[in-house]
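So you can see what is in the structure, the chains are spelled out below.
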Amino acid sequence: ICKFPERIFWSPLPPDLHRKTNRDLDLRSKIAIGFPGSARENKGYDSIGKIVEQLKREGVNFDFFIQQANFPWGGYSASRQAIKNIAGGNFIELESVMSVTDYERLFDLYDVIFLPYKVREYADADSGILYQAADWEVPIACPPGLGFSDEAFSYGIGMNLEEAPT
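In this text, all values refer to a predicted model and were calculated from it rather than measured experimentally.

**Q** Tell me what's going on with the environment of Asp-135, and back it up with residues and numbers.
**A** Within the fold, Asp-135 resides in helix α5 (residues 128-135). Its relative accessible area of 13% is what places Asp-135 among the buried residues. Separated by 28 residues in sequence, Asp-135 and Phe-107 place their C-alpha atoms 9.5 Å apart.

What follows is the structure, encoded as structure tokens:
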């Protein structure tokens, strides 16, 4: 069942039982969308603009929080500018490095977390953010085929980005 059983000792992380008070999403009110963790190309940063466009087309009222890159790649600046242009005032950019306390406070704000990771690079990888989101009872949205997608979908913490209603 587990592709790499020797790695199971660190996955999942020990639970840190946080509880978010507001769990009822009303898409007519503004929702907070998180893309936590330092921006990286393999985390699907370049696809965020398309996600934002879709949300705007559907009339979702949102703010989204995204961290800058620690190590910018070739297309980072262009993607960053495109996201800012598409999102306008809904774009809240955070420093790439923040304290644990500040990082954890964001989980109290998030209504949903998007993890648009690249399948070819995360097919056999896990996500600490998934477990943090579960601890804070914040749902995630991710594509199928990631090392943690089936787990997220079957345990109810995750929504399939490819099956999202349009």
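**Q** With reference to specific residues and values, describe the pairing of strand β2 (residues 62-67).
**A** Within β2, six of the six residues are buried, leaving the element largely enclosed by the surrounding structure. Every second residue of β2 is oriented toward a common face, with Phe-62, Phe-64 and Ile-66 on one face and Asp-63, Phe-65 and Gln-67 on the other, all of them buried. Strand direction decides the pairing type here: strand β1 (residues 31-35) and β2, joined by five bridges, are parallel. Bridged to Ala-32 within β2 is Asp-63. The handedness of the β1 to β2 crossover, carried by helix α1 (residues 48-57), is right-handed. Bridging between β2 and strand β3 (residues 91-94) involves four bridges; their strand directions are parallel.

**Q** Could you give me a rundown of the packing of α1 against helix α2 (residues 76-87), with the residues and numbers involved?
**A** Where α1 meets α2, the axes come as close as 9 Å, and the angle between the chain directions of the two elements is 10°. Taken together, the axes of α1 and α2 are roughly parallel relative to one another. Counted together, Ile-48, Gly-49, Val-52, Glu-53 and Lys-56 of α1 and Ile-83, Ile-86 and Ala-87 of α2 form the full contact between these two elements.

**Q** Lay out the pattern of salt bridges in plain terms, naming residues and giving numbers.
**A** A full pass over the atoms with the stated rule returns five salt bridges. Its salt-bridge partner being Arg-80, residue Glu-93 comes within 2.6 Å of it at the nearest N-O pair. Linking Glu-93 in strand β3 with Arg-80 in helix α2, this pair joins segments that are 13 residues apart in sequence. The exposure class of Glu-93 is partly exposed, given its relative accessible area of 24%. A residue is classified by how much of its surface remains accessible, and Arg-80, at 23% relative accessible area, is partly exposed. Two residues, Glu-121 and Arg-120, come together in a salt bridge whose shortest N-O distance is 3.9 Å. When its relative accessible area of 68% is taken as the criterion, Arg-120 is described as exposed.

**Q** Help me get a handle on the side chain of Ser-79, residues and values and all.
**A** The residue Ser-79 is located in helix α2 in this model. In terms of polar contacts, Ser-79 uses its side chain to reach the side chain of Asp-46, at 2.6 Å. In this structure Ser-79 touches Tyr-45 and Asp-46, once residues within four positions along its chain are discounted.

**Q** Outline the environment of Tyr-122, supporting the account with residue identities and numerical values.
**A** Inspection of the secondary structure assignment puts Tyr-122 in helix α4 (residues 119-122). On the basis of relative accessible area, Tyr-122 is assigned to the buried category, the value being 8%. Put simply, Tyr-122 and Gly-147 are 25 residues apart on the chain and 5.9 Å apart in space, counted from C-alpha to C-alpha.

**Q** Which residues make up the nonpolar core, and what values do they have?
**A** Across soluble globular proteins, nonpolar side chains have a tendency to be buried as a group. If you look at the biggest cluster of nonpolar residues, it comprises 23 residues, and the most contacted ones within it are Ile-113, Leu-115, Ile-140 and Phe-148. Of all the secondary structure elements, the ones that give two or more residues to this core are α3 (100-109), α5 and β5 (140-142). A total of four residues in this core trace back to one element, the largest contributor, which is α5. If near-sequence neighbours (up to four positions away) are discounted, Phe-148 is found in contact with Leu-115, Tyr-117, Tyr-122, Ala-125, Asp-126, Ser-127, Leu-130, Ile-140 and Cys-142.

**Q** Can you lay out the packing of aromatic side chains for me, pointing to particular residues and giving the numbers?
**A** Applying the stated rule across the entire model yields 13 aromatic pairs. Ring geometry for Phe-35 against Phe-64: centres 5.6 Å apart, planes inclined by 75°, an arrangement best described as edge-to-face. With Phe-35 in strand β1 and Phe-64 in strand β2, this residue pair connects regions lying 29 residues apart in the sequence. Put simply, the rings of Phe-35, Phe-62, Phe-64, Phe-91 and Phe-114 touch in pairs and so form one group of aromatic residues.

Conventions used here
- Residues numbered from 1 in each chain as written.
- Predicted model: local features only at pLDDT ≥ 70, side-chain atom pairs only at ≥ 80, totals over all residues.
- Heavy atoms only, no water.
- Helix = DSSP H or I, 4+ residues; strand = E, 2+ residues; numbered from the N terminus.
- Buried < 20%, exposed > 50% of the residue type's maximum accessible area, 1.4 Å probe, protein only.
- Pairing = 2+ DSSP bridges.
- Right-handed = clockwise from strand over helix to strand, strands pointing away.
- Axes fitted to C-alpha atoms, helices over the stretch in contact; angles between N-to-C directions.
- Parallel < 35°, antiparallel > 145°, perpendicular 65-115°, else oblique.
- Contact = heavy atoms within 4.5 Å.
- Salt bridge = Lys/Arg side-chain N within 4 Å of Asp/Glu carboxyl O.
- Polar contact = N/O pair within 3.5 Å; in protein donor to acceptor, adjacent residues only side chain to side chain.
- Core = buried A, V, L, I, M, F, W, Y, C linked by side-chain atoms within 4.5 Å.
- Phe/Tyr/Trp six-rings, centres within 6.5 Å; stacked < 30°, edge-to-face > 60°.

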